Amino acid sequence: MLMSSEIQTFTEKYDLLGCIQCGRCTGGCPVTVRANLNVRQFVNDAYDEDKLEELARLAEIWDCTACHTCAVRCPKGLKPLEVLIGLRTMIVESGKVEPTVRDALQSVLLEGNPWEKSRATRLDWMEDLDVKIADPDEPVENLFFVCCTIAYDPRVRAIARNMVELLNKAGVDYAFLPEDESCCGSEVFTLGEEGLFEMQVEDSTEFLNEYQAGRIVTLSPHCFTTYKTHYPDLKSPVIHYTQLLVELLNNGKLTWKGELPKKIVYHDPCYLGKQGNIYDEPRELLKSIPGVELLEFERRRERSLCCEGGGGKMWVESESKKERLSETRIKDARALGADVVAVACPFCVLTLEDSMKGLGLEEEMRVVEIMELLGELMEK
Amino acid sequence: MGNVLVLAEHRQGALRDVSFEMLAVAPGVAEDMGGEAVVLLFGSGIDDLAKKITEYGLKVLVVDDPAFENFNAEKYQMALSAIIDDLKPSVLMTGHTAQGVDFMPALAVEKKLPLVSDAVGLSYEDGTLKATRTLYSGKVNALVAFKPADTYLVTFREGTVEAPEPAAAAEVEKLDSPLKEDVPYRKFVEYIEAEVGDVDITQSDVLVAIGRGLKEDKNLPPIEELAAAIKADLAGSRAATDAGWIPHDRQVGTSGKAVKPRLYIALGISGAFQHLAGMKGAKTIVAINKDPEAPIFTVADYAIVDDMFKVLPKLTEKIKELKG
Amino acid sequence: MKTFVCIKYVPDTSEAEVKLNPDGLSVDDSRFSFDINDADNYAVEESVLIKEAQGGEVTVLSIGPKKSDVMIRMAMAKGCDKATRVEDDRIATHDPLMVARVLAGGIKGQEFDLVMTGCMANDDWHMATGVALAEELGVNHASMVNKLELQDGKVKVHRELEGGLLEVVELDLPAVLTIQTGINEPRYAPIRGIRQAQKKELNVVSLDDLGIDPAEVGTDASQVVLEKLYIPEVESAAEFIEGEPEEKAEKLASILHKGGLL
């Protein structure tokens, strides 16, 4: 049940009075083609305290993918999507969430990851690799945080495994965090489990600050943006791995074997581009590969189309039967004549590849995370 | 005196499979214990059921009492308590079923007798009765030994052994009903058949799940035929529900439902991590997929690498034949 | 309505490789995730739903180590009022009859209308504890319950039988019910609720505190001995069925038939 004090803070918390109802949020929202979601309307209606509970029960609050297009477009600097997250919080705190969401959140609390995997198996991805593990007593320039999805989903583990091989070869001062590392909370935040997220920020800040890291390197844009946006007390700066690799590239530490005569189109992940403001590094890496012809989507950079992997959507299925945005994206790539769709986000790999297979294009195209591609091109 | 008493289970006028399966185990154990296997049957107007069991060559003790028209745990416990005192069997065995588990633990407490539940094997060696059980999703077996007792109680898992072939006919012996008083506390009301219509796959016993390998919905009939033959509900991967081949509420996976059927047959499902997470609770997993590298095979118990449409018709035909 | 709900903290072994400890009598659970036993989670939800509908009090009862407190706090976050956790390594936990005796010791002497627990534990699969507990307490019971209706000193329950058939029976209260999964949809325990539940009473007790003679519930009292654990020869790894498509189909059909899966 809602406390009246919480209702009062809802308007303040999301600065609802700052909204001028210009509609740029809904106008840019990629989900509107798929679902009956009008974020401007929610910002308008949420001002009425008596309506909050009713709004929170609307199914479309779960359609938001937290891509942040609305926030990027808002002339007042508001984050309309967070109103939807605030409504999700009301549902989460009542306990009456979808079982899939319930299980993911509970797994974060108990095991430190949303995939219902044992914490003790978090480092299994390292099997047979020579990995340097971080020690709080030893300063390290690049402290790596491996995303839960990369650590546990075999489909995207290569992102971390290839990274280790690349780092070892390039002689980089690095270390990976031990199994005590916990989920960054990106999806916990967007699913609206505010209390759990606050706890994660507190606990992980303390955990990460124990290490003497020059910087924290993230493999997933979700972890990257979450640390940068929601962890104000981290001692070390946070970067995305593509930033590190471009440094290595510029220092001549990365060389590729042979050529890759492919047409590659790069898909800007929302959490890396719109939210992390990193657009050029992934492209530079792709362009550094001999033979690659880099294509561009019409909708790119801050206008990039969301793949619908974020915002907790890995655990909430949309009611909509309309074409998935990831399918639209693959069709666009196909129309461009791309052989490869390259991304820099584990969620984008999963959603785009799924649609690519769904369209029966397995023979014609590939969806890869940049680290997968680089792993194949590394001199070993 | 070494006798193994097997309580035959029946429901709505038919003997349950486990009743016959136990007959594959009980005689051997009884012989090793120096006694014989005897079948016990409770019911009302059950001459035909009794006769059917006698075909297996074991003596059948029948308690024919209107009070036993329907199963009632309290009455079963009361009657068995009296029969244990009377006949002093060395072993009393029932199915590990919704009936058996409903009274055997209480009977064990009442009579201060040892119980091993969900046994999948039973043997008598060097004066000790031992039972095999399975633990931890069936990944570990346990060997459990009974300490000496007057009567050992065992509930035996259904579907573990094959029923023996019928042998020479044996006799039926009527016992007086041990129920001397009515049982006041528990009242049978009715049976309700499982609802047909909309299916909740989280409650399904058997699931046939399809994935992208279906290609198009006109390929559904052989899958539906298999499902009908094994009384399975249909489910699907996200790809299958997305394509509209299967209703959305039957999607298995992290964004769909977590299922835990006894048998899960995955057809043309590659097995993304997000799908595997939703079906890991299945007891037995069968996967048919063209791709030998499909991750579904890492969790499958039985695997066929092939075009499912080449396998399905024969599979369904053979299953129908085996089920008679 | 005064309810006790008995719950257990169990490892999830569905995906993990299971290895035995050198003693051959226990499994190495260091790599498993742990959670409330599936069916017990439904029992907790049912107890909370009853409390929400009729008022009353729900007490959680569990036997287990300190690390299971998080499970108990979650149950209290959902609405259970207080808890008792029995921590004592003298209990013969391999024998559900001993476990039932300890649970009974945690309930006896207190007023109750209902005791609920899951119908089966995911680790040892006994399906025996709840029914044995009813006998220890000297009250009625029904197992495998997937629906219940309370009515004036009675409870009408649906028992789930094989093949989806339901058996409806009526019992006088007090009674022990073993709850089948699917009876409801267990809610989520939000962190803020768990934090608030820190204020609720959680008593950690030993056998002595409960007035139970350890000799009555230990391995000497148990009439069954766990001789050994072993990994069965049939590995969980897939058995690949070879041959022409039709041969494969026939072989698979026979395997399923022999395994009692049809």
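Definitions and cut-offs
- Each chain carries its own residue numbering, running from 1 in the direction its sequence is written.
- Labels are handed out in written order, letters beginning with A for the chains and numbers beginning with 1 for the ligands.
- At least 70 in pLDDT is required for a residue's local features to be given in this predicted model, at least 80 for side-chain atom pairs to be given and counted, and no such filter applies to totals for whole chains, interfaces and linings, which use all residues.
- A strand pair is defined by DSSP finding two or more bridges across the two strands.
- Helical segments are the DSSP runs of H or I of at least four residues, strand segments are the runs of E of at least two, and each set is numbered from the N terminus.
- What counts as a contact here is a pair of residues whose C-beta atoms, placed from the backbone, lie within 7 Å.
- In this classification, Asp, Glu, Lys and Arg are treated as charged, Ala, Val, Leu, Ile, Met, Phe, Trp, Tyr, Cys and Pro as nonpolar, and every other residue, Gly included, as polar.
- Predictor confidence is given residue by residue as pLDDT, running from a minimum of 0 to a maximum of 100.
- Here the expected length of a helix is defined as 1.5 Å per residue gap, with one fewer gap than residues.
- Note on burial: count the other C-beta atoms lying within 10 Å of the residue's C-beta; 20 or more is buried, 12 or fewer is exposed, in between is partly exposed, and C-beta positions come from the backbone.
- In this entry, domain limits derive from an automatic or database-based domain assignment.
- Orientation is described by axes fitted as lines to C-alpha atoms, over the contacting stretch for helices, and by angles from 0 to 180 degrees between their N-to-C directions.
- When an angle is under 35 degrees it counts as roughly parallel; over 145 it counts as roughly antiparallel; between 65 and 115 it counts as roughly perpendicular; any other value is oblique.
- By definition, any crossing whose near helix is turned counterclockwise from its far helix by less than a right angle is left-handed, and any crossing with a clockwise turn is right-handed.
- Each C-beta atom gives one direction from the helix axis, and the arc is the one those directions make.

Undergrad: Any chance you could explain the sheet that holds strand β15 (residues 233-236) of chain B here in plain terms?
TA: Across a sheet, strands are paired by hydrogen bonds formed along the backbone, either parallel or antiparallel in direction. The 6 strands lie next to each other as β15(B)-β14(B)-β16(B)-β17(B)-β18(B)-β13(C), forming an open sheet whose pairing is parallel. Two strands close off the open sheet at either side, each with one partner strand: β15 of chain B together with β13 (239-240) of chain C. Bridge analysis of strand β16 (residues 263-267) of chain B against strand β17 (residues 284-289) of chain B gives 5 bridges, and the strand direction is parallel. Across the sheet, Ala 266 of chain B pairs through a bridge with Ala 287 of chain B, a residue of β17 of chain B.

Undergrad: Looking at this model, I keep getting lost on the interface of chain A and chain C. Mind explaining?
TA: Often, the extent of an interface is quoted as the loss of accessible area on bringing the components together. Taken together, the 21 residues of chain A in the interface contact 15 residues of chain C. The leading source of residues in the side of chain A that touches chain C is helix α7 (residues 99-111) of chain A, at 7 residues. Residue classes in the side of chain A that touches chain C are distributed as 9 nonpolar, 5 polar and 7 charged.

Undergrad: So what exactly am I meant to see when it comes to the confidence of the model for chain B here?
TA: Detailed reading of the predicted coordinates is not advisable wherever pLDDT falls low. In the predicted model, chain B carries a mean pLDDT of 91, and 98% of its residues have values of at least 70. This prediction of the complex comes with two scores: 0.90 for pTM and 0.92 for ipTM.

Undergrad: Would you mind showing me how to read helix α15 (residues 325-336) of chain A here?
TA: The periodicity of an α-helix, 3.6 residues per turn, causes residues three or four places apart in sequence to face the same way. Residue and element names in this part refer to chain A. End to end, α15 covers 17 Å across 12 residues, agreeing with the expected 16 Å (1.5 Å per residue, within 8%). Every buried residue of α15 is accounted for by Leu 325, Ser 326, Glu 327, Arg 329, Ile 330 and Ala 333. For α15, the elements touching its buried residues are β5 (263-266), β7 (340-343) and α16 (346-358). Immediately beyond the C-terminal end of α15, within one or two residues, lies Gly 337, with a positive phi of roughly 85°.

Undergrad: Explain the interface of chain B and chain C to me, please; I cannot follow it from the model alone.
TA: Counting from both sides, the interface comprises 68 residues of chain B and, opposite them, 68 residues of chain C. At the level of secondary structure, the elements contributing two or more residues to the side of chain B that touches chain C comprise α5 (100-111), β7 (115-119), β9 (128-135), β10 (140-146), β13 (186-192), β17, β18 (302-305) and α10 (308-323) of chain B. By residue number, the principal contributor to the side of chain B that touches chain C is α10 of chain B, which donates 8 residues. In the side of chain B that touches chain C, the residues fall into 37 nonpolar, 11 polar and 20 charged. Examined bridge by bridge, β13 of chain B and strand β9 (residues 166-172) of chain C share 6 bridges and lie antiparallel to one another. In the strand pairing of β9 of chain C, Lys 187 of chain B is matched with Glu 170 of chain C.

Undergrad: Would you take a moment to explain the domain arrangement of chain B for this structure?
TA: We note that the domain assignment places domain 1 (4-174) and domain 2 (201-323) within chain B. Taking only C-alpha atoms into account, the centre of domain 1 of chain B sits 36 Å from that of domain 2 of chain B.

Undergrad: Where do I start with the packing of α10 of chain B against helix α8 (residues 245-258) of chain C in this structure?
TA: Between two packed helices, the angle of one axis relative to the other and the distance separating the axes together describe the packing. One way to put it is that α10 of chain B packs onto α8 of chain C with a least axis distance of 8 Å and a crossing angle of 40°. Considering their axes alone, α10 of chain B and α8 of chain C lie oblique with respect to each other. Crossing of α10 of chain B against α8 of chain C: the hand is right-handed. Residue-level inspection shows Lys 310, Val 311, Lys 314, Leu 315, Lys 318, Ile 319 and Leu 322 of chain B of α10 of chain B in contact with α8 of chain C, the latter providing Pro 245, Glu 246, Lys 248, Ala 249, Glu 250, Leu 252, Ala 253 and His 257 of chain C. A breakdown of the residues in the contact of α10 of chain B with α8 of chain C according to their chemical character gives 8 nonpolar, 1 polar and 6 charged.

Undergrad: What exactly am I supposed to notice about helix α6 (residues 221-229) of chain B here?
TA: All names here are of chain B. For α6, the complete set of buried residues consists of Ile 223, Leu 226, Ala 227 and Ala 229. Each buried residue of α6 sits inside an arc of 165° when the element is viewed along its axis, so together they form one side. Lys 231 occupies a position one or two residues after α6 and carries a positive phi of about 55°.

Undergrad: What exactly am I supposed to notice about the packing of α6 of chain B against α10 of chain B here?
TA: Residue and element names in this part refer to chain B. With their axes 9 Å apart at the nearest point, α6 and α10 run at an angle of 25° to one another. The pairing of α6 with α10 is recorded here as roughly parallel in orientation. Judged by the sense of rotation from one axis to the other, the crossing of α6 with α10 is left-handed. Contacts from Pro 222, Ile 223, Glu 225, Leu 226 and Ala 229 of α6 reach α10 at Phe 309, Leu 312, Pro 313, Leu 315, Thr 316, Ile 319 and Lys 320. Across the contact of α6 with α10, the residue classes break down as 9 nonpolar, 1 polar and 2 charged.

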